[in-house]
Structures are given as C-alpha cells and as structure tokens.
Amino acid sequence: MISKNKQPSVPDNDRLSAIENSISNLEQKFEAIENGYTNVLNVTKSLAEKIGALKDVLSDKINANEERSSTHEVSQPQVILAPVEVKSKQYEPKIVGFLCNWCSYAGADKAGSAQIPYPTNVRIVKVMCSGRIDPEFILKAFQEGADGVMILACHPGDCHYKEGNYRAAQRYQMLKKLLNQYGIEQDRCYFDYVSAGEGEKFVRLITETVAKVKSLGPLKVLVE
Amino acid sequence: MKVGVYLCECGTNITEKVDLDQVSATISELDNVGYVSKIGLMCSYDGVSVFEDDLQKQKPDRVVVAACSPRDHEATFMKAMTKVGINQYLMQMVNFREQLSWVTEDKQAATDKAIVMLKGAIARVVQQEALEKKSITMNNDVLIIGAGPAGLKAALTLAEADRKVTIIEKSPMIGGLPVRYEELFPKMECGPCMLEPIEHEILHGDHAENIEIITQAELKEVKGFYGNFIAKIIKAPRYVDTEICIGCAECVGACPVSVKNPMNSNMNEKKAMDFTFFGALPNATYIDYEACLRSKGESCEACKTACPIEGAVIFDDKEEIIEKNVGAILLAIGTQLYDATLLPNLGYGALKDVVTSYEFERILSSGGPTGGQILKSNGDIPKSIAIIHCVGSLDENHKSYCSGTCCQTGFKFAHELHHKVGESTITHFYKQLVFPGKSDYPLYKNAMNNSHAKFVNYLSTSDINVVENKKGVKTISYKDVSGISGEIEADMIILLPATIPGLDNESLSSLLEVNLDKEGFFEELHGLVDSVRSKVKGIFVAGSCQSPTDIKGAVNQGVAAAGYMLSGLVPGRKLEIEPIVAEVIEDKCAGCHVCVLVCPYKAIQFNEETKKSSINAVLCQGCGTCVSACPANAIIGHHFTKEEIYEEIRGVLS
Ligand SMILES: Cc1cc2nc3c(=O)[nH]c(=O)nc-3n(C[C@H](O)[C@H](O)[C@H](O)COP(=O)(O)OP(=O)(O)OC[C@H]3O[C@@H](n4cnc5c(N)ncnc54)[C@H](O)[C@@H]3O)c2cc1C
Ligand code: FES
C-alpha cells in the first residue's frame, strides 16, 4: 500500500502549460514590437493623410490639364497617382478568416444568431481544427490577393482535438517572422481564440482586423 | 464538370438581405456551374424532397448548397444526396444565413459577399472527391485490468449482456481494497458482507461462464486498436489449482514456514502456503514461492501431503503467457496511499503505534493482526487517539489536491473507536472537512457529537510535531489555524495519507499509450462529460486510478464504462470508419517521425522496417494536424486536402 513518492513522467498537461508559457512570453515580446510598430504606423498614417490631401490637389490639377488637352495621352500623372490610390476611401480590404469547425465556427454562428452586424470583408474558410492550418495557406491567401488573414481557434484547453490550437499558436509565431522576411506587415496576420459563446468577441475581432488592415492599405508586396 | 448550385431562401431570412436573383445571374456564368436553383425552405420536408427530385433530374457531379450553417443542416442535405445515389462528400455548404444575411446591414454589400462566398465553394467542390465509409468487424469481448469494485461491477454489467469478459488481477484475490475493510462509510455496512455477493456473482452467478478471472496476472503487451486489440498477459504460478481447492486450510496448518504478512502491512505473520486473508476469494490458498522451502532447494511437501484433494497443490506450476483478443480494455487498477514517512515530523515509521489508515483498517478487521481488536503494539487498549487528516493532501509540497475520501474514513474510525474502546478520547486534526452529497453528513455529526472528541483545525503538517517519551507516550505539539499553540498526549496516532496513483499507472500508461494527468492519475477524455474514456479510443478508465473516489464513485464509473462498451461493441455490428481522416502517401514519406509526435490520438505508427509512417483510420479523428506538420507534404487530409483549400482560398479572393 505504501509507495515511495514517485513522480510521474512529465505528463502532457505540463508540456502544454510549458508551451503556453513560452507562447505567452513570445506574445509579450511581440506585443512590445507591435507597440513600436503602431507608433510607426501612426506617423505613416498622418503622412498618408497629407499625401491624400496632396492627391486631391494633384488630381484637380490633372483633371484640369486633361480637360484642357484631351487629345494628349497623359501617361505621366498616372505614375504619380499610383501610390496615392492606396488611400482612396473606397478601399475595402479582402481578408481570409481560417476557422476551426468547432468553437470558432460556432462563435461565428453565435454572432449570426445574435444578428450582430459586422463588415463583409472577411471570407471564411473552414477547417476541422486550427491545427490543420498550414502556414502555406496563409501565404497562399496573400498570394491570391488577400490583404489580411485571420486565424481563429478554440481557447487553450478547449480544442476538440486536444492540442491542435497549441500547434496553430506555435506555427503562427513562426509565420509572423516569415512574413517579415517576405516584407508583409505582421499586422496583416491575426491569431486569436473564440469560443462557441463568444459571438460578440468574434464580431469585435473582425471589426478590429478590418479596420487595422484598412489602415495598412492593400498588400503591396506579392509572395513569389 | 457539372456543379449544381442550390440557393435556399430560408423563408425571408436570406432573401431580405441578399438579392438571390442577382447572385444567381452572376454565378450561372461561372465555369463548371451547370445550373442554379432556388428553393423556398430547403430543410423542410417539402424542401428536401424538391432538392432530391431536382438532383435526380439534373444529375450534377458536384453540389453546392447555400443556406444556413452547416452545423444545422449539412447532415440533412448529405442524407438527401446519399438517398438519390450521389456521394455525400461531393457537396459543399455555404453559410448564407449566420455568416451573411443575419450580420450584414447593406443589401448590396451582402449580395456581393454572397457571390464571393459561392465562388469559394464552387472552386472547392470541383476538387472534392467521393469518399466511402469503410467498416471493419469488431471483437466484442472486453479485458478488465484490476478486480476492485470498479472492475468487478463493470464485468458483471457486461457479462449480464452476454459479453465475454476477462479480468486480470495482480494479487491472488479479487475485491480490491474494500474487501479488506471491516466497515464501510457512509452507512457503516460490513465491507466483506457487501462485496462478497458481488464476488460470488462473478465467480458462481448466472453469468459466471462469461467471466474469466486470471489472478496474479499482469498485462505485458498490447497491439491493435479499438475493436481489435491483442493483449498478452503474464500469469505467475500460484501452485494451487483454484478450480479444485476447497479452501479447507489443511495445507496452511501443515506449512512449516512463517513470513511477514504484507496484507496486514507486516503487522503479523502468515505461512508460505496461505490465503491472502481468511475469506478472500477465490477461496484458495497460494504459495509465496520466495518464502517456500522448495525455492531454497529443499524437498518439503508438507502442504501437498496435508491436502485432501488430489492435484490441488501443483509444485511444477509455471508462469503462463495468455493471449486474448478483445475489442476494448478497461483500466481499473485502483490507488495506493502517500508515503507518510515523507512527513517525518508525524513520526510514522519511527515511532510505534503511529499507523496509516490502511493499517488501522486491518487492525479493525477480524482477519487482521489483532483479530479485530483495537490494540497498541504492546497489547494494551489505547486510551487517547489522534486522527490526523489531510496528511500530504492540500499541500503544495506534497499533493495539492483533496483526496476526498479521508474525512469519511476518519469519521468511520471515530465511530468504530467509540464502539470498540468506548471512553477513549479522540482528537481530529484537519485542514479542511468535506462531506458532500446526501449521505456523508451523519458520520461527521456522529464524530462531532462524541463528547470525548476534539477537533483541531491546522494549516500545514509542518505545524504538527510528534515526540515520544521513554514510557512510549506520544506528545503532539501543534499550532492551529489561528496561530494558537497546544499540546496533547496520544497513545495511538492514525494518519490519513493522501490517495495517490497506483504503482502501475506509469507502466500501463506507456504500455497502452494512455496519458497520465499532472498528478499521475489516468487522464480522462473530458473531466465533466467523459471521465471514463481515455484519449485512446477503446481504452476506458474507472475508479480510483482515474481520480480519488469512494466505492460509489468507482462502481458508477465501472458501470458507465461498461455502458460505453455495450453501445460500442454490438455483436454483428461493424465499426464504421469516418472517411474524413488523414492518409500517408508512402512514396513521399521521408520517415521524419514528425507526424507521430504531433498526433494527439497515437493514431500514427512508424514502421521501422520500411521507415514509413502509416495512419490507423480507426484511431484517426481527422483533425489534420499531421497533414500540416508533414514537411514532405506526404499526408493527405481527406475532405480538407491542400488542393481543396487552395481552390477555396483562390475562389473567395477572385
Ligand atoms: C483506508 C481507506 C478506507 C476506505 N474506506 C472506504 C469506505 O469505507 N467506503 C468507501 O466507499 N470507500 C472507502 N475507501 C475508498 C475505496 O477504497 C476506493 O473507492 C475503492 O477501493 C476504489 O475501487 P477501485 O476498484 O477503483 O480500486 P481498488 O479497490 O484499489 O482495486 C484495484 C484492484 O486492481 C488491482 N491491480 C492493481 N494494479 C494492477 C495491475 N497492474 N494489474 C492487474 N491488477 C492490478 C489491485 O490489486 C486491486 O485488486 C477507503 C480508502 C482507504 C484508503
Ligand atoms: S478544434 Fe478548434 S482549434 Fe482544434
């Protein structure tokens, strides 16, 4: 009956919580980077606004020019306009949302049955588990013209297949670094957890991501 | 390729926000789209039959249904497809209601999004393949490991439904821990009296022919999977034929060798040829071979000579290897107690008359070292007794959880002490008291109402110190929760150590690839809704090897596991294998093992000879984690292939 206090071999839960810890460490670091990035972004934004104002002025002039010499092929101004189009008000980003079949898809359905409106920019691609989301899918989405990608998984500990979401979280961290190398802003790729009851959170994430990607403008660098 | 697109109006739920005519006009122009049909309420009885008729008429190669969430009616439409003879996996659903009409305010924006969503589904469905559900025959027999209350009740439940059950039990007797206790909480029933009928039912009852009990046996190897396990069992020699031994004990009297009795925690002696305890079932003796003179080369035959039954004593009994084919396995191997010597200030192991709960149970037992009388080691009746609860439990340095059954055990002891030694004083030292449910409170009340009882609430076992004077009187000095110090004398101290995982949890965990939780108990599939299933399909867990529990909990789990096995292993029924699983393309596999490591279900085997992985479709749950982990792209995730997903991505972005 009496045993020595034998420690069991490191059980999965411990491994998972170790992974969780390292993920949250990483997340903190990324947050710090992100904060820095937001600062840069704000500066860029105000610059963009100035460019926008300039654009209005320029296009007025160009229009006036065009009217005046309608027989002339005016190719130069288009080059000038190219970067300016980026900030046009009509711009609606295309975002692909990868959702697992269980909690996060159910969370989206919950938003539906609660009839909470959200922007139409996100196109949902369902997989059985976030663990199925291959980093290649995200690159493929960018290559096919997505301006942003969202990955939504079950909350830690809730994955229908136990640990697919931990894999997804790990891959996401790796992927963000890769995106940098491709010259794609990390803010274009977003990862979070949504439970079946979190319809409002789903809507909030969609709305925030759409706004963020809108502020980044269309993806300029294409993946080879 | 002819894709048939069905647009459900869902009453006005969809049409109110999506201009289906505009959608239809745009979609009809797309490649592969054969036709677009609009149906009022597709999920209704009429709607489904319109859908079926149309499918029969149009004979599409692929189908797209834009309606509600697939979580609502995917199964409905899949069934309809099967009914008209189109493979159900050739359909893709688009969630127009939850993801579109209910969440979009602007009708044009909704209509544009509807077109984009459909483009994705059409591109995807073209890639989809017909998938077939395979089925394999299943073995309906069950292997139960551990013959405690959990294992025995599971066996009876299964045997009553005519399932063949093999129980393997490590010790020479069945019944587990409770048959060794004189009285059982909460109702103070006689342990053997309550459990013996169950044991007799197992051994000699109406369905006994369905149950094979192999004592002194352990599991050595398991191959296969749910429905088709092959288990290798090693049975140690008993040297007594349990089938013909009549339990007359003549051999015990004749045996010349006495050794310490482990059943009574070495508090008394037993013979080399003896029962585990008197009344243990099967009612047959066994030879402790290490103690037997024959193991030392002597030719003693005293037991055999004394035995009145020809052939009951078998000196040349051998270790046996037994193979069993079974469909499912139940782990019910119970627990053990935390080692109280790890809390040296309590005096266990160093001082006389400091005993554990198990040892005190044996002292209370009529088959125990004192024949059921409560006596100190010097033969005197104890006058003052301390019961220290929560030893090693609720303690971050030892076991952080509550063992759940110790309070009741302590109150049970108080009850027995009151009856057997009358006026003795009893002091309960406790961290927390628990008595949940409808039956546990009375024993506590009884212990509280005892005018000779005292309760001391302490915070940590380090606040308790036991010393002994020359006369053998023990003094317990303590500090209680409010910081007040005190001292009491006790001539017997009973410790209630934490319940911890059994000795073999670890070895069986690696043998069966069943996980242990962070405390070392077998991990359940889900703590609330699936506590008797492990993560490995077909391997179940019940009783205190899964979590500390009382007999009621153990038995309930055993019966619940039996229920799962009865509903899963039905004679004549085959095991249906879901086709949404992963599959290794052997030629591409580079043998890196990554898939084996990431699979949460141990569904992937690595063949050392071919250096290739292969996936067991029965165990695979189709999560696709291995598919995306494979660096060689050597795994197909059926119904979620790379091509299908790529096309969907392309479609929604076109
Ligand atoms: C001191 C004490 C007093 C208690 N008093 C009560 C009480 O009064 N009332 C109550 O409801 N509960 C009581 N309990 C709790 C009770 O003992 C458990 O609830 C019960 O034993 C659990 O049953 P089980 O079948 O899960 O495990 P067990 O009863 O422990 O049975 C497990 C069986 O598996 C066998 N086994 C172990 N390893 C292997 C292996 N590798 N291969 C094959 N077989 C193996 C063991 O030999 C044993 O026969 C008490 C517990 C303790 C410690
Ligand atoms: S099922 Fe949702 S993340 Fe795995």
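For the structure itself, consult the block above.
Basis of the calculations
- As a convention, each chain's residues are numbered from 1 in the sequence order in which they are written.
- Lettering of chains starts at A and numbering of ligands starts at 1, both following the order in which they are written.
- Owing to the predicted nature of the model, reporting of local features is limited to residues with pLDDT of at least 70; listing and counting of side-chain atom pairs is limited to 80 or more, with chain, interface and lining totals taken over all residues.
- Values shown for side chains rest on all heavy atoms present in the structure; no hydrogens or waters enter the calculation.
- Whether a residue is buried, partly exposed or exposed follows from its accessible area with a 1.4 Å probe, protein chains only, as a fraction of its type maximum: under 20%, in between, or over 50%, in that order.
- Secondary structure elements are taken from DSSP: a helix is a run of H or I of four residues or more, a strand is a run of E of two residues or more, and numbering for both begins at the N terminus.
- Whether two residues are in contact is decided by their heavy atoms, any of which lying within 4.5 Å being enough.
- When at least one non-hydrogen atom of a residue lies within 4 Å of a molecule or strand, that residue is treated as near it.
- Polar contacts, as counted here, are pairs of nitrogen or oxygen atoms within 3.5 Å of one another; within protein the pair requires one atom able to donate a hydrogen and one able to accept it, and residues that are adjacent in sequence qualify only if both atoms are side-chain atoms.
- The method behind every accessible area is Shrake-Rupley, applied with a 1.4 Å probe, and residues are considered shielded solely by the protein chains displayed.
- Gly is placed with the polar residues, together with every amino acid not listed as nonpolar (Ala, Val, Leu, Ile, Met, Phe, Trp, Tyr, Cys and Pro) or charged (Asp, Glu, Lys and Arg).
- Where a domain begins and ends is set by an automatic assignment or by a domain database.
- Between the first and last residue of a helix there are one fewer steps than residues, each counted as 1.5 Å, and that sum is the expected span.
- Salt bridges, as used here, are contacts in which a Lys or Arg side-chain nitrogen is within 4 Å of a carboxyl oxygen on Asp or Glu.
- Only a pair of cysteine sulfur atoms within 2.5 Å qualifies as a disulfide here.

Novice: Help me get a handle on helix H10 (residues 357-364) of chain B, residues and values and all.
Specialist: Residue and element names in this part refer to chain B. The buried fraction of H10 amounts to eight of the eight residues, a majority that puts the element mostly inside the structure. Taken as a whole, H10 has its buried residues at Ser357, Tyr358, Glu359, Phe360, Glu361, Arg362, Ile363 and Leu364. Its buried side turned inward, H10 meets strand E8 (183-184), strand E19 (335-337), strand E20 (354-356), helix H11 (406-421) and strand E27 (492-497).

Novice: With reference to specific residues and values, describe the site of ligand 1.
Specialist: Residue and element names in this part refer to chain B. Not every one of the 35 residues close to ligand 1 is listed here, only the nearest: Glu169, Phe185, Lys412, Asp504 and Thr549. A distance of 2.7 Å separates an oxygen atom of ligand 1 from a polar backbone atom of threonine 549. In isolation ligand 1 offers 990 Å² of accessible surface; the protein chains occlude 93% of this area. If you list the elements that add at least two residues to the shell around ligand 1, you get helix H6 (149-160), E8, E19, H10, H11 and helix H14 (551-568). In terms of residue class, the shell around ligand 1 is made up of 18 nonpolar, ten polar and seven charged. If you count residues domain by domain, the shell around ligand 1 takes at least three from each of domain 2 (142-236 + 319-334 + 502-568) and domain 3 (336-500).

Novice: An account of H6 of chain B is needed here, citing residue identities and associated values.
Specialist: Residue and element names in this part refer to chain B. In a regular helix each residue adds 1.5 Å, so twelve residues correspond to 16 Å; H6 covers 16 Å between its end C-alpha atoms and thus fits that length. Counting buried positions along H6 gives nine out of twelve residues, so the element sits mostly inside the fold. Those residues of H6 that fall on the buried side of the exposure criterion are Pro149, Ala150, Gly151, Leu152, Ala154, Ala155, Leu156, Leu158 and Ala159. On its buried face, H6 sits against strand E6 (142-145), strand E7 (165-168), helix H7 (191-204), strand E10 (211-214), strand E18 (328-331) and H14.

Novice: Can you explain the pattern of salt bridges? Please cite residues and give values.
Specialist: Tallied over the full model, the rule gives 30 salt bridges over all chains. A salt bridge links arginine 188 of chain A to glutamate 185 of chain A; the shortest N-O distance between them is 2.7 Å. For the salt bridge of lysine 170 of chain B with aspartate 504 of chain B, the shortest nitrogen-to-oxygen distance reads 2.6 Å. Of the two residues, lysine 170 of chain B is situated in the loop between E7 and E8 and aspartate 504 of chain B in the loop between strand E28 (499-501) and helix H13 (505-512); the sequence distance between them amounts to 334 residues. Owing to a relative accessible area of 40%, lysine 170 of chain B belongs among the partly exposed residues under this scheme.

Novice: Can you break down the state of the cysteines residue by residue, with the values?
Specialist: Residue and element names in this part refer to chain B. Under the counting rule described, the total for this entry stands at one disulfide over all chains. The disulfide partner of cysteine 190 is cysteine 193, and the gap between their sulfur atoms is 2.0 Å. For the disulfide bridge between cysteine 190 and cysteine 193, the dihedral angle about the S-S bond is near 80°, and by the sign convention the bridge is right-handed. Judged by its relative accessible area of 26%, cysteine 190 is partly exposed. Here cysteine 620 stays free of any disulfide, with the sulfur of cysteine 626 as its closest cysteine sulfur at 6.2 Å. Taking relative accessible area as the criterion, cysteine 620 reaches 13% and is therefore assigned buried. Of all cysteine sulfurs in the structure, the one in cysteine 592 sits closest to cysteine 630, which takes part in no disulfide; the separation is 6.0 Å. We classify cysteine 630 as buried; its relative accessible area is 13%.

Any link to function would need more than the numbers given here.
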